Amino acid sequence: ILRLKWEDVDDKMNGTIQVTYRNTKNTETQTLPVNAECMKILDRARELRVSDYVFPCSTGRYYYSFNRTWFRIRKRAGISVRFHDLRHTYASFLISSGKVSLYELQSLLGHKSVHLTQRYAHLLRETHKLRVAK
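Residues numbered from 1 in each chain as written. Predicted model: local features only at pLDDT ≥ 70, side-chain atom pairs only at ≥ 80, totals over all residues. Heavy atoms only, no water.

A. Region of interest: the overall build of the protein. In terms of regular secondary structure, the protein is built from 6 helices and 2 strands. Put simply, the protein has 134 residues, and 29% of those count as buried. Contacts spanning at least 24 positions in sequence make up 42% of the contacts within the protein whose residues lie at least 6 apart. Total accessible area computed for the protein in this model is approximately 9800 Å², and 55% of it derives from carbon and sulfur atoms. (Helix = DSSP H or I, 4+ residues; strand = E, 2+ residues; numbered from the N terminus. Buried < 20%, exposed > 50% of the residue type's maximum accessible area, 1.4 Å probe, protein only. Contact = heavy atoms within 4.5 Å. Areas by Shrake-Rupley, 256 points an atom, 1.4 Å probe, with all protein chains shown as cover.)

B. Representation of the packing of aromatic side chains within the structure. Overall, the coordinates contain 4 aromatic pairs when judged by the stated rule. A centroid spacing of 5.1 Å and a plane angle of 85 degrees characterise the contact between Trp70 and Phe83, whose relative ring orientation is edge-to-face. With Trp70 in helix α2 (residues 67-77) and Phe83 in helix α3 (residues 83-97), this residue pair connects regions lying 13 residues apart in the sequence. Relative accessible area serves as the criterion here: at 12%, Trp70 is assigned to the buried category. Through pairs of rings, three or more aromatic residues link up here, namely Tyr53, Tyr62 and Tyr64. (Phe/Tyr/Trp six-rings, centres within 6.5 Å; stacked < 30°, edge-to-face > 60°.)

C. Looking closely at the nonpolar core. One finds Leu4, Trp6, Val9, Ile17, Val19, Leu32, Val34, Met39, Leu42 and Val54 forming the largest nonpolar core, which totals 10 residues. Among the elements of the structure, β1 (16-19) and α1 (36-47) are those that each provide at least two residues to this core. Ignoring any residue separated from it by four or fewer positions in sequence, one finds Leu42 in contact with Trp6, Val9, Ile17 and Val54. Ile95, Leu102, Leu109 and Val114 belong to the second-largest nonpolar core, a separate cluster that totals 8 residues. (Core = buried A, V, L, I, M, F, W, Y, C linked by side-chain atoms within 4.5 Å.)

D. Geometry of the environment of Arg82. One can find Arg82 in the loop between α2 and α3. In this structure, the C-alpha to C-alpha distance between Arg82 and Phe71, residues 11 residues apart in sequence, is 9.0 Å. Here Asp85 takes part through its side chain, which lies 2.6 Å from a polar atom of the side chain of Arg82. (Polar contact = N/O pair within 3.5 Å; in protein donor to acceptor, adjacent residues only side chain to side chain.)

E. Spatial organisation of a nonpolar patch on the surface. On the surface, Ile1, Phe55 and Tyr63 cluster together into a nonpolar patch covering about 290 Å² of accessible area. On the secondary structure map, Phe55 appears in the loop between α1 and α2. (Patch = residues over 30% accessible without salt bridge, like charges linked within 9 Å, V, L, I, M, F, W, Y side chains within 5 Å. Salt bridge = Lys/Arg side-chain N within 4 Å of Asp/Glu carboxyl O.)

F. Structural context of the pattern of salt bridges. On inspection of all chains with the given rule, the structure shows 4 salt bridges. Arg44 serves as the salt-bridge partner of Glu47, at 2.9 Å between the closest nitrogen and oxygen. Of this pair, Glu47 and Arg44 both sit in helix α1, 3 residues apart, roughly one helical turn. Of the residues examined, Glu47 reaches a relative accessible area of 56% and is grouped as exposed. Taking relative accessible area as the criterion, Arg44 reaches 46% and is therefore assigned partly exposed. Notably, a salt bridge pairs Asp85 with Arg82, separated by 2.6 Å at the nearest N-O pair. What makes Asp85 partly exposed here is its relative accessible area of 22%.

As structure tokens, then:
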């Protein structure tokens, strides 16, 4: 996401961004949904645009890492969460909501195989159990 370019953000504001093949671990382009609030922020950032990158550093290039910033945020918030843990939290909440299937979650996470996504299957089963019990 640090290498995200403005050309990858849907300028028609259809609520998607594309993480291109050169920026993904599995070298495949992903189209990801973005909620309305995020699109508002991106729209405002586009107005202030100073670079081809959505999140440029002071030189106009992309950040290679934001570890120092993340450590500072964690310290102020009093939490010890790795940034990658947020991805797992997102996946857990989404699958537990029952609004997506395991295969939809696989697509959103960019997993090539459903086997990686299977780790969230127990949460989906629990959601279905709760619905049946009601």
